[in-house]
Structure formats: structure tokens, C-alpha cells
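Below are the chains, spelled out letter by letter.
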Amino acid sequence: MPSSERPEAPPTAPRATVASGSGRYADPWHPFTETSARVAAILREDGWQVTVDGDVDHALAHLDEVDLLVVNAGDPWRHGDAELERFADPAADAGLRAAVARGIGIVAVHAALSTLRDHPAWREAIGGEWEPGRSWHPAIGDAHVRVVDGGHPVTDGIPGIDVFDERYSDLAVDPGARMLAEHDVDGTAHAAIWVREQPTRAVVSSLGHDERAYDAPEYVDLLQRAARWAARV
């Protein structure tokens, strides 16, 4: 049955919110509307109730009954070369901190490594970031991502991912992260996918620049596993 014809998930299904970049969380490079729709479809196919919220601050402020937060949004401190005002919406900050404290599952994809910079709870939860002046990426194209830890439920049985994507490189990754997958640029290995279990379960994937990344079946499988592991469902 095509996904557009799939019945709605039952009321008992786990609930996910996709916080999708718009406004100050948009940028000129990432088609957040399209990629958030792909992420939502991938989760719905695995039995989730999914809400895509194009207002990131609103999404963070309304997580009380949500099992999984997926963040697919850009850097709120700049739009292209323009510097933006830096501030944290109080309701959004309180909502995120409360959700993390109660153990909400988190999946952070691609530009989520450079978003929510005004929220210390986000940086602590995902255990890494795109660091301006240090992080970079080669030209988008075909790439192979190597699984380096197949002993985790997110990667068990997945030897690697062949994907068309933009490969974030020289990311800042905290020592407490468990690295699951890497990619190579000119013989140097770079972090691609990792997990954290404190202060809550989080899966961080640097993949997902545009819709083409979500055409990789291994990546679809990994995201579905990531969601269930992070949310403990």
C-alpha cells in the first residue's frame, strides 16, 4: 500500500514531533520542508504518530506528551552571511529542558548539529556540534558511511550506508559519545553517526542534507531503529 494510503497510526502508537526549520531556523542551503516530510513519512511507515511543526520554538514548548523529538533545523545565529539576533524563547527553553529531564528520545539530523545554539540543554543532550571555523564539508555527492560499531541496536546488521549527501567533517564530538559510523575524506575518518544515553537517549546523524539522502534504504532502516531506540519503544 503506498504511504499516502496508509491508515492513520492507532491512538496508542508512540508520538513524535519533527521540529522543522523555518523563520530564524531556516537557511539558504537546506530544504527543511521537504526533508522533514521525508523523515515524517519514514516514521509513519514504522507505526508512529507524527506531527511536523514548522515553528521550532512552538514545537519545543509543546513536548509534554511526545515520546520522540526529531530536530531538522538550521543555525538561528545566521542566515547565509547575515548575523541574526541571539535569544532563547523562554517557553521553548523550559519545554526542552523539561522534556530532556523526563527522558524524551531525541534524533538530531544533519543541520541539527548547528541549531538550538541558544539552548544549552540541546548541546548537552546531543554531545556534539558543527563548530564554526573548524567544521566543514566536501562537495555534496555519492559517499559511503562505514559502520564502526555494529554492536548497537541502531546499527546491528547494517555494515554501511551508501548515500548521496553532504558529509560534515571535523565536527566537535564529546568524549561521552558512542561512535556508530564514520566517513572518510582523503584517508581521514570523520564522525558521521553517534549516540548518547545521558542526560537522555539521543541519536545524532550528520546525514540528511536534502531528499536524496533519504533514498538510501539503509539510512531509512537506521532512522527507524534510531527513533525506537531513543524513545525506548
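Bear in mind that the values here come from a model prediction, so they are computed numbers and not experimental data. (Residues numbered from 1 in each chain as written. Predicted model: local features only at pLDDT ≥ 70, side-chain atom pairs only at ≥ 80, totals over all residues. Heavy atoms only, no water.)

*Asks:* Any chance you could explain the nonpolar core here in plain terms?
*Replies:* Soluble globular proteins tend to bury their nonpolar side chains together. The biggest cluster of nonpolar side chains holds 37 residues, and the ones touching the most others in it are Leu43, Leu68, Ile161, Ile193, Val203 and Tyr219. Top element by residues in this core is helix H5 (residues 217–231). It accounts for 9 residues. Setting aside chain neighbours within four positions, we find isoleucine 161 in contact with Ala143, His144, Val145, Ile193, Leu207, Ala216, Glu218, Tyr219 and Leu222. Counting 34 residues, the second-largest nonpolar core is a separate cluster that includes Ala92, Leu116, Ala121 and Ala177. (Core = buried A, V, L, I, M, F, W, Y, C linked by side-chain atoms within 4.5 Å. Buried < 20%, exposed > 50% of the residue type's maximum accessible area, 1.4 Å probe, protein only. Helix = DSSP H or I, 4+ residues; strand = E, 2+ residues; numbered from the N terminus. Contact = heavy atoms within 4.5 Å.)

*Asks:* Just checking my understanding: could you explain helix H1 (residues 32–44) for this structure?
*Replies:* An α-helix turns once every 3.6 residues. As a result, residues three or four positions apart point the same way. An ideal rise of 1.5 Å per residue puts 18 Å on 13 residues; H1 measures up with 18 Å between its terminal C-alpha atoms. Elements that come into contact with the buried residues of H1 comprise strand S1 (15–20), strand S2 (49–53), strand S3 (68–72) and H5. (Expected span 1.5 Å × (residues − 1).)

*Asks:* Teacher, can you tell me more about the layout of surface pockets here?
*Replies:* To find the voids left in a structure, one rolls a probe of water-molecule size over its atoms. In this structure, the largest pocket occupies an estimated 330 Å³ of space. Around the largest pocket, the lining comprises 16 residues; the ones closest to its centre are Trp29, Asp75, Arg78, Ser114 and Trp130. The residue inventory of the lining of the largest pocket, partitioned by class, reads 6 nonpolar, 3 polar and 7 charged. (1 Å grid on protein atoms, 1.4 Å probe; cavity = no way out; pocket = protein on both sides within 12 Å on 5 of 7 lines; lining within 4 Å. Points joined across faces, edges and corners; volume = space filled by probe spheres on them. Nonpolar A, V, L, I, M, F, W, Y, C, P; charged D, E, K, R; others polar.)

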